[in-house]
Amino acid sequence: MKLAAFLLFAISGLAQGVGFRAVTFNIGAHLVTPPGSPAYFDYGLGAQGTPDHDTVRDILARLDADVVALQEIHGADITANDVSDLAASLGYPHVFIAPSTNVFDTSLRVAFLSRYPFLTQAAVGSPPMSKELTRLFPAVKVDVPGTTRDPLLIAAHLKSGETDADLFRKAVEMLRLTGHLNSQGFSGAENYIVMGDFNLSSDEKPFTTIPSGMPTLFKLGADISGTVPPITYHTIPLRYFNGAPVALLDPRQLDNSPATYNTGSTLDLLLVSPILAERPMRMEIYNSTLDLSNASGLPKSGSPLAAGTSATASDHYPLVVDLELDPALPYQFTVAGQTVTEDFTAFPGTYDPPPWTRTGGNWKGADDGTKTASGFRAYGSAGDPSLGFLPGASAGTATATFLNQSPETLTALQVSFTAEQWRAHFGGTADSLSAELIVGGIPQPLPQLAFSAANNLASGPIAGGTSAARSVTVSGLAVAPGASFGLRFTFTPGAGGGAAPGAIFINEFHYDNAGGDTGEFIEIVAGPDFQTKLSDIDVLFYNGGNGTVYHTLNLSGPAFTRSTTPNFFDIFVGTPGEAIQNGAPDGIALVNRTTNQVIHFLSYEGSFTATGGVALGTASTDIGVSQTGSEAIGSLALGLTGSGGSRTDFSWAKIAGPYSKGFVNSGQTLVNPVLPSQGIAIDNLAVTYISIGDSDGDGMSDLDESIFGSDPHNAASRYAVTMTRTAVNKLQLSFHRIASNSYVLESSTNLTTWSTLKTYPAGFDSGTEVSVTITPGTPVKFYRVRALAP
């Protein structure tokens, strides 16, 4: 329905995120090596006017971050005010330097510089009665303007060195760091950042006893001393984060090098919480030799620096990341008559669009209706997205928050939006959308806004989506000035739905045949509700003789193509590009490179234990069938047979006949045990704060006009019931109606007692113009139309 115009003015568009830039920089302490005496560090930053200080300053000025983490700050830099001078020259009024108490390195420290105040500051260290850490890790919560979800930042500088003692000490330091994060009770939905110099080593090593070579005063805390054995040093830091989860970022120099150290190695890292990783971000490892113009890389302040600036400043390169934090403010009404609109312009579908929150599913990104995994997404095109949901096992909700910042109590609203369907499955679930206002914590259903998806359309994406307008006027509210209310949309799966298979597994492969091996391949199957990014999935080919990885493929890379989608399962076919080894034994592992999870680790012609890669320490499962080298080219591949939707539903067999790569195997049926869902979205939301006054002075209140359908800001637009003669002794009574409201036509002979002639309930199948034939007679009758807002 076309809505009456209620605007005085409108606030449009998705609330924008709050930009936040962080930098971590090991400034490289100055090493002195006296003849015949032990080497020592005498400063890290140095005084203003010296090359070290000034080049560090110039780099930080160029990067212009909100918060900077610095490693290798020397005690001399602190006592000589070098750090405070640096902070002052760069406009960082807030400085926190981790103390040097109860640590083994009392000279080099870690610091934060910030342009915003610290809400909290702490130094992560060892518990009482123990001494474990080389340096304390500062942890600060920064009060960033524009958001109430302020980020926690931890800066690390782990022990260097490659001895067993060094590896053990680094492992303990990581346990302390992650333990501090876990103590905050974080689930991954909070904003937190871990960064610094991790001094990564190349050897993964478990320790069953405390190794030799430890400092005399080293003493494990009582909380972990009972865990030996084992304590493991992990070459992949993500393996330490068993509580509060993190995502490891992959910043690069402008030439795509991952090196953060001048020898070409990667020692410095950026890790962020999953909620931050979902939001837009950009990052860079800054190297002045590549800083040629302001058109390249991240935005920077001032002009490009001289090529040798980085080499003079440090042997490390700084890492910079631009993140987006949630804005603090909900949609706001400042005056009666105002309309808030939201069309989700440029929404990528990877995070809660502020000021919305969601429950019941994860974000799946942009989608034109082709994706089958359940959850939230941005349905539509990049230029015209909408907030959508594909139901699965449970409902999902999306709630927007509104704030009454006007001086009046808000008593009435008009809500309108476009309901859309972007994906269909013939005979699938009859999914639905409902809405409710939440005032004072009490939900008020809005049945006029309900929408039901069609399940009689051809299966697949719906080009351009279908759309249906919904609107309702709500009165009788009492939202005081300064109070907020919510508008919640619930996406509900219809009967017969549920959790579709979401497994991913190796389904078929070929590695040996008569003569030279020809046409080697590997086939991967992902279920309809597979939730992980393809770029997170690696296929590792293992040499069973020594347990090491000899080749790696990524599922999103050019080696793999999506072939067919039987029953909404995806079948990917990969061409290794390197010969698959011929057993005795060898293996293949399917792993999540981000979480370091071993999803599927099979072997053929025997079993073995991996000594490297993500599957390190994991024993393979022999599939029990193999190729002997006598198979005719193009036939007798190894594959899964049986019926089901996950790996355990099938068994391995040598499949007679030609390869079936890209298709279900002979003797295999991929089964989806639930009815597929329909993809629903909301778009073009408009919420109007209706005044109880008479804005245009036409004698009808704004609320009455909104209910009847006239314009409360145009005196010439005044609701009227008309009566016209259509024939001899025949009259026609006509009035306009809004489909979301109910109307009652009544008559009276005395203007006191009224009788109902007909009721026109709220609905969307009726027209907006109502005409009734009247036959004049005795006694004389009066007629009126009564409109009822929901």
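Above this text you will find the structure in question.
Structure report, in brief. Remember, it's a predicted structure, so these values are computed and weren't measured experimentally.

**What to know about helix H1 (residues 51-63)**
For H1, with 13 residues, the first-to-last C-alpha span of 18 Å sits near the 18 Å given by 1.5 Å per residue. Just downstream of H1, Asp-64 is the residue with a positive phi angle, here 50°.

**Notes on the sheet that holds strand S10 (residues 152-157)**
Strand order in the open sheet made by the six strands is S8-S9-S10-S11-S15-S14, with mixed pairing throughout. Two strands lie at the open edges of the sheet, namely strand S8 (118-124) and strand S14 (247-248), each paired on one side alone. As defined by bridge partners, strand S11 (residues 192-197) adjoins strand S15 (residues 268-272) across five bridges and the pair is classed as antiparallel. Within the sheet, the bridge partner assigned to Gly-196 lies in S15 and is Leu-269. Contacts from helix H4 (residues 164-183) reach S8, strand S9 (137-142), S10 and S11, with the element oriented near 175° to S10.

**Things to note about the packing of aromatic side chains**
How two aromatic rings sit relative to each other is set out by the distance from centre to centre and by the angle between their planes. For the structure shown, the criterion picks out 31 aromatic pairs. Residues Phe-168 and Phe-218 carry aromatic rings whose centres are separated by 6.2 Å and whose planes lie at 65° to one another, so their mutual orientation is edge-to-face. Of the two residues, Phe-168 sits in helix H4 while Phe-218 sits in the loop between strand S12 (205-207) and helix H5 (222-225), which places them 50 residues apart along the sequence. A relative accessible area of 0% places Phe-168 in the buried class. Classification of Phe-218 by relative accessible area gives buried; the value is 12%. Aromatic pair Tyr-379 and Trp-422: ring centres 6.4 Å apart, planes at 10°, arrangement stacked. Here Tyr-379 is found in strand S22 (residues 375-381), whereas its partner Trp-422 is found in strand S25 (residues 412-424), with 43 residues between them in sequence. In this structure Tyr-379 comes out as buried when scored by relative accessible area, which is 0%. Here Lys-131 stacks its cationic end above the ring of Phe-104, 4.9 Å away from the centre of that ring. Cation over ring: Arg-169 sits above Phe-104, and NZ or CZ is 5.0 Å from the ring centre.

**Digging into a nonpolar patch on the surface**
On the surface, Leu-751, Val-780 and Phe-782 cluster together into a nonpolar patch covering about 290 Å² of accessible area. Structurally, Phe-782 can be placed in strand S49 (residues 782-788). A relative accessible area of 36% means that Phe-782 is categorised as partly exposed.

**As for the side chain of Thr-564**
By the element assignment, Thr-564 lies in the loop between strand S35 (560-562) and strand S36 (570-574). A distance of 2.5 Å separates the side chain of Thr-564 from the backbone oxygen of Gly-662, its partner in a polar contact.

How each quantity is defined
Counting restarts for each chain, with residues numbered from 1 along the sequence as it is written. Only residues with pLDDT of at least 70 are given local features in this predicted model, and only at 80 or more are side-chain atom pairs given and counted; all residues enter the totals for whole chains, interfaces and linings. Note that water and hydrogens are dropped before the side-chain values are worked out from all heavy atoms of the structure. Runs of H or I in DSSP of at least four residues are treated as helices and runs of E of at least two as strands, each being numbered from the N terminus. One less than the residue count of a helix, multiplied by 1.5 Å, gives the span that helix is expected to have. When DSSP finds two or more bridges between a pair of strands, those strands are recorded as paired. By definition in these notes, contact holds between two residues if any of their heavy atoms fall within 4.5 Å. For helices, the fitted axis covers only the stretch in contact; all axes are lines through C-alpha atoms, and the angles between them, taken along N-to-C directions, range from 0 to 180 degrees. Working definition: rings of Phe, Tyr and Trp (its six-membered ring) pair if their centres are within 6.5 Å, and the pair is stacked with planes under 30 degrees apart, edge-to-face with planes over 60 apart, and tilted otherwise. A simple rule labels every residue: compare its accessible area, found with a 1.4 Å probe on the protein chains alone, to the largest value its type can have, and call it buried under 20%, exposed over 50%, or partly exposed in between. Either the NZ atom of lysine or the CZ atom of arginine qualifies as a charge over a ring when it sits within 6 Å of the ring centre and within 35 degrees of the ring normal. Here, patches come from residues exposed beyond 30% relative accessible area and free of salt bridges, joined within 9 Å for like charges and within 5 Å for nonpolar side chains (Val, Leu, Ile, Met, Phe, Trp, Tyr). For accessible areas, the Shrake-Rupley method is used with a probe of radius 1.4 Å. Any residue's cover is judged against the shown protein chains and nothing else. Just to be clear on terms, a salt bridge is a Lys or Arg side-chain nitrogen sitting within 4 Å of an Asp or Glu carboxyl oxygen. Pairing of N or O atoms within 3.5 Å defines a polar contact, subject to two protein rules: one partner must be a possible hydrogen donor and the other a possible acceptor, and residues neighboring in sequence count only if both atoms are side-chain atoms.

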